[in-house]
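Observations on the three-dimensional arrangement
One-letter residues, chain by chain:
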Amino acid sequence: ATSIMHKAEQNCVKSFSRPASWSVALMRASTTIKYWNLQISTFTGGKTSEQTLTDIKQQAHLVDFTKMKEQARTERLVARKCLVKCLHEAEELWESELKQRAEDLAALGDSQVPLSYENLIEHERSRSRWRKINLFLKQGITEPLTRLL
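This section reports on the structure supplied with the text. Small disclaimer: the values here were computed from a predicted structure and weren't measured. (Residues numbered from 1 in each chain as written. Predicted model: local features only at pLDDT ≥ 70, side-chain atom pairs only at ≥ 80, totals over all residues. Heavy atoms only, no water.)

**Considerations on the nonpolar core**
The criterion, for reference: Grouping buried Ala, Val, Leu, Ile, Met, Phe, Trp, Tyr and Cys residues that are joined through side-chain atoms within 4.5 Å yields what is termed a nonpolar core. Exposure classes here rest on a 1.4 Å probe applied to the protein chains alone. A residue is buried below 20% of its type maximum, exposed above 50%, and partly exposed in between. A run of DSSP states H or I qualifies as a helix once it reaches four residues; a run of E qualifies as a strand once it reaches two. Both are numbered from the N-terminal end. The contact criterion used is simple: two residues touch if any of their non-hydrogen atoms lie within 4.5 Å.
Counting 13 residues, the largest nonpolar core has L26, Y35, W36 and L83 as its most contacted members. Those elements that provide at least two residues to this core are α2 (24-43), α3 (50-59) and α4 (69-108). Looking at this core element by element, the count peaks at six residues for α2. Not counting chain neighbours up to four residues away, the residues in contact with L83 comprise L26, A29, S30 and I33.

**Let's talk about the packing of aromatic side chains**
Keep this limit in mind: Whether two aromatic rings pair depends on their centres lying within 6.5 Å, for rings of Phe, Tyr and Trp, where Trp uses its six-membered ring; planes under 30 degrees apart make the pair stacked, over 60 edge-to-face, and the rest tilted.
Taken as a whole and judged by the stated rule, the model has one aromatic pair. Ring geometry for Y35 and W36: centres 5.0 Å apart, planes at 75 degrees, overall edge-to-face. Residue Y35 is classed as buried on the basis of its relative accessible area, which comes to 2%. Here W36 falls in the buried class, since its relative accessible area comes to 2%.

**Comments concerning α4**
Our working rule: What a helix is expected to span follows from its residue count: subtract one and scale by 1.5 Å.
Compared with an ideal rise of 1.5 Å per residue, which puts 40 residues at 58 Å, α4 spans 58 Å between its outermost C-alpha atoms and is within 8% of the ideal. Those residues of α4 lying buried are A72, R76, A79, L83, C86, A90, W94, E95, L98 and A102. Just beyond α4, the residue with positive phi is G109, at close to 105 degrees.

Here it is in structure tokens:
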């Protein structure tokens, strides 16, 4: 009975979750942020080895001329903007793939599967909206949410 429940759980997880859509740009952006976080940490007295910083810098293909903490913070802000852009592109790609799957299945005559893909797309959109709302509330942004979303 346990193996049956485990298999059923795996089947549900497959249909209602998705792996992160990783791309080279997305991996590089996340590695860049990791590098700048560690670099800022070293400026504030954190213990990070030079070898670790060098390895991460090479992974992200970075050139670092910063000498002060404020410069590193500015670079991290730029990297975060790049990461947000990459995430939006990955979400759009994932959504278009789901729509294409639904259209392909509808063309084959299966009417229930496209409906479940449409539900999944709407579910992901609402999760994204709630994440944005929580972020705005944590940051203390008090503008009307309809304008922010």
